[in-house]
Amino acid sequence: MEVIYGLIPGMLLLGLVAVGVLFWAARSGQFDDLEGDGQRILMDEDVEDARRFPDAEAEADRQVEPTGKERG
């Protein structure tokens, strides 16, 4: 029964530390974009490449006619 006098303050201290870490994480922006990683997993690689290389999107929009001339 005497051990409970040490466990209760220890658990209260541990709880306060956990709440402090939660507030620190919220203020530092850890929870700003909760859906971004999930959406990036589902994206096609083509869309991702177009964002990284803007010129690739412009070239993809241009079509080559069967005569070899570019249409743009």
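This is a predicted model, so every value here is computed, not measured.

When its secondary structure is counted, the protein shows four helices and two strands. Looking at the protein residue by residue over its 72 residues, the buried ones come to 4%. On the protein, roughly 7,000 Å² of surface is accessible, and the fraction owed to carbon and sulfur atoms is 60%.

It is worth spelling out the confidence of the model for the protein at this point. Per-residue confidence for the protein gives a mean pLDDT of 78, with 61% of residues at or over 70. Predicted confidence in the protein is weakest over strand β1 (residues 63–64), with a mean pLDDT of 56, and strongest over helix α1 (residues 4–27), with 96.

Another aspect to go through is a nonpolar patch on the surface. Together, M1, V3, I4, Y5, L7, I8 and L12 line one region of the surface with nonpolar side chains, adding up to about 810 Å² of accessible area. Structurally, I8 is set in helix α1. Residue I8 is classed as partly exposed on the basis of its relative accessible area, which comes to 47%.

Here the focus is α1. Taking 1.5 Å per residue as the helical rise, α1 with its 24 residues ought to reach 34 Å, and the 34 Å between its terminal C-alpha atoms agrees with that figure. Positive backbone phi, at 90 degrees, marks G29, one or two positions downstream of α1.

Cut-offs used in this document
Residues numbered from 1 in each chain as written. Predicted model: local features only at pLDDT ≥ 70, side-chain atom pairs only at ≥ 80, totals over all residues. Heavy atoms only, no water. Helix = DSSP H or I, 4+ residues; strand = E, 2+ residues; numbered from the N terminus. Buried < 20%, exposed > 50% of the residue type's maximum accessible area, 1.4 Å probe, protein only. Areas by Shrake-Rupley, 256 points an atom, 1.4 Å probe, with all protein chains shown as cover. pLDDT = per-residue confidence, 0-100. Patch = residues over 30% accessible without salt bridge, like charges linked within 9 Å, V, L, I, M, F, W, Y side chains within 5 Å. Salt bridge = Lys/Arg side-chain N within 4 Å of Asp/Glu carboxyl O. Expected span 1.5 Å × (residues − 1).

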